[in-house]
Amino acid sequence: MPVSLLWAVDVYGRVYSLSTAGQQWELCRDAQLEFKRVTAAQQCCWGIACDNNVYLNVHASDLPVRYQEQTYENQRWNPVDGFSERLLPSDRWQWSDVTGLQHQPLDSFRLTSSSWEWEGDWYLDENFEGEPTDKGGWTYSIDFPAAYTRDKKWNSCVRRRRWLRYRRYKAMDTWAKIPSQQTNLPDPFSDISCGGWDINEEPRGRLSLWAVSLQGKVWFREGIYHQNPEGSLWEEVSLPGEVVQVSCGPGDLVWAVLWEGQLIVREGISRDYPKGSSWVMVDSPSPDVGATHVAVGNNVVWVLTKDNKVWFRRGVNSHNPCGSGWISMIGEMIMINVGLNDQVWGISCDDRAVHFRQGVTSSELSGKTWKVIGVPRDGERSHSSASASSLQSAGCYFRGEVRAQSVASDVEPDTEKGSTDGATGLISSDLPESFNVSSDQPSDQPSDHTSDHTSDQPSDHTSDHTSDHTSDQPSDTPKPCIPKVTSDSFISELVSDREPAKTSKDVASAAPAVLEEENISGDSEFPATVFPSQSGGPVNPQWSNVDLEETQVQQAQTGAVMESSDTCSLSSVATYTLAIEDPYGVDEHPLWAWVSGGGCSVDSHSQLSWFNCPGNSSGLVQSIQSMSLSVTPAQTATWKRQIFEQLNERTKREMDNFRHYEQAIEQSVWVKKGTMQWWRDWKPHKWIDIQFALEQFSGPDGSKDGIMFIYYNFNEEKKYLHAFINEITILVPVLNDSKHTFAIYTPERTKQRWPIRVAAGTELEMHDWLALLSVSSCDSRRIEGPPSKHAIWSITCKGDIFVCEPTPGLEAVPYPTPCDQMFWRQVGGHLRSVECNTVGIVWGIGYDHTAWVYSGGYGGGFFQGLASSTDNIYTQTDVKSVYIYENQRWNPVSGYTSRGLPTDRYMWSDASGLHECTKTNTKPPSPQWTWVSDWAIDYSVSGGTDREGWQFAADFPASYHGYKTMKDFVRRRRWSRKCKLTTTGPWQEIPPIPLSDVTILPCATQSSVDVVPLWAISNKGDVLCRLGVTALTPAGSSWLHVGTDQPFKSITIGAVSQVWAIAKDGSAFYRGSVSPQSPAGDSWFHIPSPAKQKLKQVSVGRTSVHAVDENSNLWYRQGVTPSYPQGSSWDHISNNVRKVSVGPLDQVWIIADKVQGSHGLSCGTVCHRLEVQPMDPKGQSWDYGIGGGWDHITVRGNSLEESRGCLPSLTSESSPAPQSPPLVGSLEVNGNPHGCEIHT
């Protein structure tokens, strides 16, 4: 899980953040003002400062925030001047937006705030729908508005061209003030809350920001998304009453608290209406005590009442945002906040510490218990640990004289920190009359010093400020006075909660004294001898608008010293100095006022180090370090040498003296049996019960082999089917919601596209058999350990990862090793695509666009503990969406309804319409997946949708569009639901930018490249270049953004640093001047696509360039030379191609859509292009390998070549050279794309 931040504000307005991987609060150094509130998201944090302005802190990222400004230049043709700026009175503006209604000249564009800067000047967009325009960038039409073309025709009377300019957000990792509105300026804000990033699949970066003004009004910030993080304007939301506080969840939950103590809930929030439509009133949990604070998440609502009691609202979800009832929880809090995954944080009422709610899961949303976050703040860790260890070494006794120099030099820089706790950390004592204190304090500040060390209790200030109480108590440390903070401004509460002035006696008694010193009581007390300070200047604490008088009192007390019982040891000076450096004394409890976990990604499986106090174990660590220092390196070397000699003597004694004896057993045999089901080979195909057995034996030389048996009954006769273990080429799990099945392939069954399919009774039993068979197959072929650097990687459409160890004969000409004899073994993990190179660097991308890097291990998943490495195995998660379609047909009476024709598809179906899929009967892809969201309308469908998510067409199936016409009689809309998988594998996550494609330079084996170029495309289409990628650090260090004029979807880099990419509109681009000195290159060159085709994927090898279009055609780029790397034209090679991978030897491998087998078509088959040579880079024919159900392959790590001197030997005499049947489908260029299914 990527690192995220928990934000908090202390009572003095300082902002801190705590990382999920950290162990201390980090001070936000940039904040020059005190803050009242903060509200966080994953990509940013909003706050209200004490000047009542709203500030934004956008987290720095390798992916910049860029906003594209565009305007159109319009011209009309006339017989005199031709095309000119003279337009008709009824025409649009000469410079306008795309609709022509808004006047937008170039000089009218201004930066929205000082946080932005221009990237460059205006330039022309010379690309139109994937095709280059003429030099001027003009597109032509018959009139405004109409369909535009890039070619001028005889009836082209108008033309336009688009001008572009980018502005970049530069205020990263700093608090930037949100500019005020020029009109309708809202009142100063007192509360703020952000959320809404999960509303119906909103794109990443889109936020809903709600604010409350001092007059109780609610405002909504419009236009906040990734390219415009500041938003555009504030809009007032109508209310049933005056509001004191508001809370917005990640989804469509928004609750607010009224001044009277009731709660209101916002209804009608959706993708198109993020502000919602109306409010609904909800009563306070307690009839007599009103609510003061509310916090909402995805499906939870937590409320605090005026008596600081905590309440949980049950039954809350998107369909019932009001919930059903209240549950009283244990604990008293002054503030509470709900973050990601419905995790809860709060600030306790008694000690003002931040607490985390443990045990919050999807099944138990209320959690189990509160646990305090006991980590120090920035700059306190060293003081705390040093203080604790020094106290331990001193035996918890302070003796000797204390010099004022130590006190002043160590305490003065921490005056501000002392004020944060509302205590100075100093204890006054008797001073000699001749001692001059005024040298280190202002002359106008009173200085009262007293030696009265009795137990006068400081006045206890209650919330109503009506009474003071004093009592006599023993000399224990009293609790500091902590003012309560409700939903009102905590600044005014703090100021009103204190007296106008305090004497030094009050400050001393309120301070947390050092307990070890107080416990030492003698019959006589000696005043400490104090030397004048030598710090050389007055104390200048940072100005604070919370309580200036208290700060001045603390400043006056800088010269004061603590009373000591004995003054004889000089060593105690250093000990006392270290202890007094801690601004919070032994109990470091900073006082917090606000916490926000909206950007903190924590779940029940997260390993947090927030609850381990480092000071508690400092003594143990110190003792261990002292023990380790007592052993010298010379002693360690001698000790290791003695052990090594003893082990050698033992080996000779126990092994070498008995080598002439023959082994008692030449070979061992063992058998494992079980009951399973088998999908029989003959018709009618059905599942039958079988006895499954694996017999394995090992020879005297250590070689292992085995036989697999399937015993079944046919016509009351017992028969069996067998396969040798060394003939098994792959074992594929085929998980579905009904049976736990897996497929067993051999070379013969690979040719037939008909594997042996067996089903186990449980998922655990299936995994046991898969692991056992996989280990036996690897043992028989003597394959072990992690994949080699030259391995071929592939992924099924289920996300399973497989590798194959290639042989030099695989790319031999003219007799290569047949593909059906390749052995594939599974690697733990779950990915959607993978990329590798010849130095062993492997990257993968999950279904949720998370980037992963191969760690060098092997196994994981169901191999855990059997055939898996003990290290380099990590937890891996993946999230994918399941889609179903709601279909409707129009009739003249009732319009669009769920009543279709008898020949129509199911009204709830899959994409094909052949299978009925409703919300209730649709399950996750396999038992490994679990639902993590509810069904929601998917608006990101190809072709667009209307506001309700519908797509329209003339009939089923047809071409769908997002608007209704007179000829549209059917419509559909897609629903999506997310599910999550958790597994293990040799993969480490690369946060934080989600990726859609990645490519690595396919280095040759003899290459001495240190830094390996790696390019990627984010899920938003941004092109990125990874820096610092080497064989030792395959994850790299940081991203370098490469500017583009439009989003991209595919990218590849060749062996000589030639970078090719495909844009979202299907056009190709070549990146010029890419080299080790200039890893990002300098400019993009537009490459025209094949005629009437849109490309979707490209792959470059040593010299050849291959691409696949959206109609599954494979193309080869002709004319690519070192002097002209862009090439000249596209040549068609084949159709029926889903993916292509070109290796460092220019070898071509693809995933074919459909291949004919003995029992039908097989979708998703690995194919190898034969007879690819330098003089014939397009090859001649295809050789078919494993399939179907495959979705991705990469051969960019295989650089093994057959020696040119001899022909490769075939594996068997009966195996002829592969002469495969042609690909299924016509040879037309414009074919139809096919779906991906598992056919095993």
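A quick note: this is a predicted structure, and the numbers were derived from the prediction, not measured.

A. Structural detail: the sheet that holds strand 53 (residues 987-990). If you walk across this open sheet you meet the 4 strands as 43-44-45-53, and the pairing is antiparallel. At either end of the open sheet lies a strand with only one pairing partner, and these are strand 43 (833-836) and strand 53. Shown here is a sheet whose adjacent strand axes are inclined to one another by a mean of 25°, direction ignored. Note that strand 44 (residues 842-845) and strand 45 (residues 851-854) share 3 bridges and pair antiparallel. If you follow Trp843 over to strand 45, its bridge partner there is Val853.

B. Seen up close, the pairing of strand 54 (residues 995-1000). Counting buried residues along strand 54, 5 of its 6 residues qualify, which places the element largely inside the surrounding structure. Bridge analysis of strand 54 against strand 55 (residues 1014-1018) gives 5 bridges, and the strand direction is antiparallel. Each bridged residue has a counterpart across the sheet, and for Leu995 the counterpart in strand 55 is Ser1018.

C. Local environment of the packing of aromatic side chains. With the rule as written, the count across this model stands at 42 aromatic pairs. Aromatic pair Trp116 and Tyr169: ring centres 5.2 Å apart, planes at 75°, arrangement edge-to-face. Of the two residues, Trp116 is situated in strand 10 (residues 116-118) and Tyr169 in strand 15 (residues 158-169); the sequence distance between them amounts to 53 residues. Of the two residues, Trp116 and Tyr169, both sit in the buried class.

D. Quick look at the environment of Gly1143. You can see Gly1143 is positioned in the loop between strand 66 (1137-1142) and strand 67 (1148-1156). When its relative accessible area of 0% is taken as the criterion, Gly1143 is described as buried. Those residues in contact with Gly1143 that lie beyond four places of it in its chain are Gly1101, Arg1102, Val1195 and Arg1196.

E. How the structure looks around the pattern of salt bridges. Enumeration according to the criterion identifies 26 salt bridges in this entry. Residues Arg377 and Asp10 are paired through a salt bridge, measuring 3.1 Å at the closest nitrogen-oxygen approach. Of this pair, Arg377 sits in the loop between strand 31 (369-372) and helix 1 (381-393) while Asp10 sits in strand 1 (residues 5-10); the two residues are 367 residues apart in sequence, bridging distant segments of the chain. Each member of the salt-bridge network shares a partner with another, and the members are Asp10, Arg14 and Arg377.

F. Region of the structure containing a nonpolar patch on the surface. Judged by side-chain polarity, Trp639, Ile643 and Leu647 come together as a nonpolar surface patch covering roughly 310 Å² of accessible area. Structurally, Leu647 can be placed in helix 10 (residues 633-654).

G. Spatial organisation of unusual backbone geometry. Here the amide bond leading from Lys683 into Pro684 is cis, since omega sits at -5°, within 30 degrees of zero. Mapped onto the elements, Pro684 comes out in the loop between strand 33 (668-679) and strand 34 (687-698). Cis geometry marks the peptide bond from Gly1187 to Gly1188; its omega dihedral reads 0°. When you line up the elements, Gly1188 lands in the loop between strand 69 (1181-1187) and strand 70 (1190-1194).

H. Geometry of the side chain of Ser855. Tracing the backbone through its elements, the reader meets Ser855 in the loop between strand 45 and strand 46 (874-891). Residue classification places Ser855 among the buried residues on the basis of a relative accessible area of 16%. Excluding its chain neighbours within four sequence positions, the residues that come into contact with Ser855 are Asn872, Tyr874, Pro986, Trp987 and Gln988.

Conventions and cut-offs
Residues numbered from 1 in each chain as written. Predicted model: local features only at pLDDT ≥ 70, side-chain atom pairs only at ≥ 80, totals over all residues. Heavy atoms only, no water. Pairing = 2+ DSSP bridges. Helix = DSSP H or I, 4+ residues; strand = E, 2+ residues; numbered from the N terminus. Axes fitted to C-alpha atoms, helices over the stretch in contact; angles between N-to-C directions. Buried < 20%, exposed > 50% of the residue type's maximum accessible area, 1.4 Å probe, protein only. Phe/Tyr/Trp six-rings, centres within 6.5 Å; stacked < 30°, edge-to-face > 60°. Contact = heavy atoms within 4.5 Å. Salt bridge = Lys/Arg side-chain N within 4 Å of Asp/Glu carboxyl O. Patch = residues over 30% accessible without salt bridge, like charges linked within 9 Å, V, L, I, M, F, W, Y side chains within 5 Å. Areas by Shrake-Rupley, 256 points an atom, 1.4 Å probe, with all protein chains shown as cover.

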